[in-house]
Amino acid sequence: MTRRLPLALLLVSLFPASLFGEAEFFGSLENLWSAYGGGESGRVEWGDLARVRLGVDVAGGEHISGRGEGEVFALFGRDAGAVDPSSASLFEGGYLLLQRLYVRGRWDYVDSVIGRQRVAWGVGTAFRPTDRWNPVNPLDPGAYRKGVDALQVLVYPSDLWEVSFIFAPGRGGRNVRAGGRVEGHIGAFDMGSSYLYDQATGRDMLGLDFKGDLIVGVHGEGAYLPENGRREKGFLRLLGGADYSFFQNLFFLVECFYDESGEEKPERYDRRRLEDGLTTWLGRRYLFSQVTYRVDEFSSLGASHLMNLSDSSFVLGASVASFFASNVEVGLEERIFFGDEGSEYRPSEDVPWCVTTLRWEMKF
Amino acid sequence: MKLFLSIAVSLLFFVLHISLAEGLDPLEIIKKVDSNYVIDTAKIQAEMIIQSGGRTLTKSMTILSEGGEKGLIEFTNPQDRGTKYLKLGDELWMFFPEAEDIVKISGHMLRQGIMGSDYSYEDALEYERLGELYNISLLGKDDIRGKNCYLLELTAKPDVEVAYFRRRMWVTEEEFVIWQEELYAPSGKLLKLYTTQKIGNFDGRFYPVESTMENKLRKDSRTVLRIDSVEFGVPIPPGTFSKRALR
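Criteria and thresholds
- Numbering of residues begins from 1 in every chain and follows the order in which that chain's sequence is written.
- Written order decides the labels, with chains lettered from A and ligands numbered from 1.
- Local features are withheld for residues below a pLDDT of 70 in this predicted model, meaning they are given only at 70 or higher, and side-chain atom pairs are given and counted only at 80 or more; totals for whole chains, interfaces and linings count all residues.
- Side-chain metrics rest on all non-hydrogen atoms present in the structure, leaving aside hydrogens and water.
- Only DSSP runs of H or I covering at least 4 residues are called helices, and only runs of E covering at least 2 are called strands; the numbering of each starts at the N terminus.
- The contact definition used throughout considers only heavy atoms, calling two residues in contact when any of these lie within 4.5 Å.
- Note on terms: buried area is the combined drop in 1.4 Å-probe accessible area of two parts once they are placed together, counting the loss on both.
- Counted as salt bridges are all cases of a side-chain nitrogen of Lys or Arg within 4 Å of a carboxyl oxygen of Asp or Glu.
- The term polar contact refers here to a pair of N or O atoms within 3.5 Å; inside protein, the definition further demands a hydrogen-donor-capable atom paired with an acceptor-capable atom, and it admits residues adjacent in sequence only when both atoms are side-chain atoms.
- Throughout, the ten residues Ala, Val, Leu, Ile, Met, Phe, Trp, Tyr, Cys and Pro are labelled nonpolar, Asp, Glu, Lys and Arg are labelled charged, and all others, Gly among them, are labelled polar.
- Think of it this way: a Phe, Tyr or Trp ring, Trp meaning its six-membered ring, pairs with another when their centres are within 6.5 Å, and the plane angle makes it stacked under 30 degrees, edge-to-face over 60, tilted otherwise.
- Only protein chains enter the accessibility calculation, which uses a 1.4 Å probe; a residue is then buried when its area is under 20% of its type maximum, exposed when over 50%, and partly exposed in between.
- Remark: a charge is flagged as sitting over a ring if the NZ atom of Lys or the CZ atom of Arg is within 6 Å of the ring centre and within 35 degrees of the ring normal.
- Strand pairing is assigned whenever DSSP detects at least two bridges linking the two strands.

It is worth spelling out the environment of V38 of chain B at this point. Counting through the fold element by element, V38 of chain B comes out in the loop between α2 (26-37) and β1 (41-52). Residues V38 of chain B and I199 of chain B lie 161 residues apart in sequence; the distance between their C-alpha atoms is 16 Å.

Quick look at the structure:
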């Protein structure tokens, strides 16, 4: 029954919504076909992920609006790894994932949002130390991020300043997370500071971030999580990044990340935390770089490099993407994993070391 | 003798033409252009048609503008639905609907094309400050694509950072609309060519309703901007040009 609940909520939100106020529907069809090479069998294995995403924006007068958004997806062959089935409900041989379902109220200087929503803290691309809500996966920074079930109140004292308070009860009212954030604009910089209490870990987090211009674009984040009531040591996470565009079509980004709670030695990695989705990295020091070249108005080439500096394992990525119509995009991506056995990106000889993904998406 | 006469008449006409044009102050021409372009408030529905090598991408958008300093663009076509830009003075923010994230556009990224088009962010930001950024001179008059135009040359002022070192601008004599503009690099290389195809008359205010930007660094690459509807002087609620409005 509980597995069917999200489906019921989605149906309730999507279809009758159009009867009340203005409703605008949107969606997409997407398919990712992946080939995995160099695994245990030595053969090339394949996996496929097909999904349909549907959503609706509803405006019920001047003050109330809402969004419902969900997807049905099916996995074939080897798990394509592009979704997290643990958060999905099994549905007729496929899966259903409720991405967003929230109502927003707007008053003079205050918004309130209740329901499953995306909370975007921080400014990083591959790592976001202050984002404890929808953590970024450095292996797939552009992936669609899950929503958080929360109540958020946002206050807008001016056009570029925002103060937000958020309360997320967690499952069954346990694992409460609560916090706040102030963000604004000073000089040529966007600045933010945040605080979060996480009942599950018993930790507080104090965060700062900025993004702006010097000669190049610069951004940075810092998060400090002090010792908790369980006498677990406090630690610091830091991110620094820079970006620059050469000519009109070549974009370069680099980020360095340090996590004091990460491990320097591969034998001390706690891979269960990775598998359970409690973290998206294991090591202490990382370097991420990305180059994007826009070939023309329709096509782009990309290359990326993600390195765990603690164990020297790394991932090289290359991609090409092109529009075949105003709403149809096709992309091909190759990722190759390097490292000693036991390292983060090459945990064992049995794991595939190269993944080729062909993706197409049509939005409507 | 006949040839000599013909050359003499042409030269005389040319000199007369220049002197007539020189009687006008180039800043006065730019002011008259501004009286068409600089608006208190406006709501515009437009389509951006990006063409390259026989392929076409179409993007639709709603633009709200106040005094040229403030702007909010929301894309409405399926691919970019919900993507928004906020312009406040010289600064830009972008809202990515899938990530529900607001990102400040860095200074260097302003050179890139808006949503993959041939219009760069700088093109959108620089226009209101032409008088501040460039020395403007009137070269004369020119008949181009069926319109009598003033030909202006704009050269970047020393120590000023601009998107284009030199601009050659054809302004229609009748409507004071930019009919054509060539945008050059310091090396003298032509980077972009802007042309207006259709001018609309909105209660005495003339405004380009169809224009094209060609990127001369790419073969066969152009973006057509077509305005479907425009309302000038619309009331815009307070708080429209804010980060809140991006969400």
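What follows continues from the structure just given.
Another aspect to go through is unusual backbone geometry. Its identity as a non-glycine residue notwithstanding, S312 of chain A has a phi of 65°, on the positive side. Summarising the element assignment, S312 of chain A is placed in the loop between β16 (299-308) and β17 (313-325).

Looking now at the interface of chain B and chain A. Taken together, the contact between chain B and chain A spans 38 residues of the former and 55 residues of the latter. Here chain B packs against chain A, burying approximately 4200 Å² in sum over the two surfaces, 41% of which is carbon and sulfur. On the chain B side of the contact with chain A, Q79, R81 and R244 of chain B bury the most area, a combined 19% of that side's loss. The interface formed by chain B and chain A contains eleven salt bridges. Of the charged contacts in the structure, one is a salt bridge between R81 of chain B and E24 of chain A, with a shortest N-O distance of 3.2 Å. Viewed at the interface, chain A and chain B are joined by 21 residue pairs in polar contact (both at pLDDT 80 or more). Looking at the side of chain B that touches chain A, the elements that each hand over two or more residues are β1, β2 (55-66), β5 (91-96), β6 (101-104) and α5 (243-246) of chain B. With four residues, the single largest contributor to the side of chain B that touches chain A is β2 of chain B. Residue composition of the side of chain B that touches chain A, by class: ten nonpolar, 14 polar and 14 charged.

A separate point is the packing of aromatic side chains. As enumerated under the stated definition, the model contains 14 aromatic pairs over all chains in all. Ring geometry for F127 of chain A against W281 of chain A: centres 5.6 Å apart, planes inclined by 70°, an arrangement best described as edge-to-face. Residue F127 of chain A is located in the loop between β6 (110-117) and β7 (148-158), and its partner W281 of chain A is located in the loop between α2 (271-275) and β15 (285-294); the two are separated by 154 residues in the primary sequence. Across the pair, exposure class does not vary: F127 of chain A and W281 of chain A are buried alike. Through pairs of rings, three or more aromatic residues link up here, namely F127, F257, W281 and Y286 of chain A. Directly above the aromatic system of W179 of chain B lies the positively charged group of K147 of chain B, at a separation of 5.6 Å from the ring centroid. Positioned above the aromatic ring of Y184 of chain B is the side chain of R166 of chain B, whose terminal nitrogen or guanidinium carbon lies 4.3 Å from the ring centre.

Residue and element names in this part refer to chain B. If you walk through the whole model with that rule in mind, you get 42 salt bridges over all chains. In this structure, E173 and K141 form a salt bridge, with 2.8 Å as the shortest nitrogen-oxygen distance. With E173 in the loop between β9 (166-172) and β10 (178-184) and K141 in strand β7 (residues 134-144), the pair connects residues that are 32 residues apart, well separated along the chain. Judged by relative accessible area, which is 26%, E173 ranks as partly exposed. Salt-bridge contacts for R166 lead to E153; the nearest nitrogen and oxygen are separated by 2.6 Å. Here the residue R166 occupies a position in strand β9, and E153 occupies one in strand β8 (residues 147-156), the gap between them amounting to 13 residues. What makes R166 partly exposed here is its relative accessible area of 22%.

Residues and elements named next belong to chain B. Within the fold, S211 resides in strand β12 (residues 205-215). Sequence-wise, S211 and V224 are 13 residues apart; in three dimensions their C-alpha atoms are separated by 5.7 Å. Leave out the neighbours within four places in its chain, and S211 touches Y119, Y194, T195, T196, Q197, T223, V224 and L225.

A few words on the side chain of D190 of chain A. Its place among the elements puts D190 of chain A in strand β10 (residues 189-198). At 2.8 Å, the side chain of D190 of chain A and the side chain of W93 of chain B are in polar contact. Ignoring anything within four residues of it in the chain, the contact list for D190 of chain A reads G184, H185, D209, F210 and K211 of chain A together with W93, K104 and K243 of chain B.

Once that is clear, we can look at the pairing of strand β5 (residues 94-106) of chain A. Residue and element names in this part refer to chain A. Two strands pair when backbone bridges link them, and strand β3 (residues 64-77) and β5 are joined in this way by ten bridges, in the antiparallel orientation. Residue V72 lies in a different strand from β5, and its bridge partner there is L96. Pairing geometry for β5 and β6, over six bridges, is antiparallel. Residue pairing in the sheet places V103 in a bridge with I114 of β6.

All names here are of chain B. The topology assignment puts I144 in strand β7. For I144, a relative accessible area of 13% translates into the label buried. Residues I144 and Q180, spaced 36 residues apart in sequence, show a C-alpha to C-alpha distance of 8.5 Å. Look past the residues within four positions of I144 in its chain and what remains in contact with it is C149, W170, W179 and Q180.

Further remarks concern the side chain of K59 of chain B. Residue position: K59 of chain B is located in strand β2. The residues touching K59 of chain B, leaving out its near neighbours within four places in the chain, are A46, E47, M48, I50, F75, N77, D80 and M115 of chain B.

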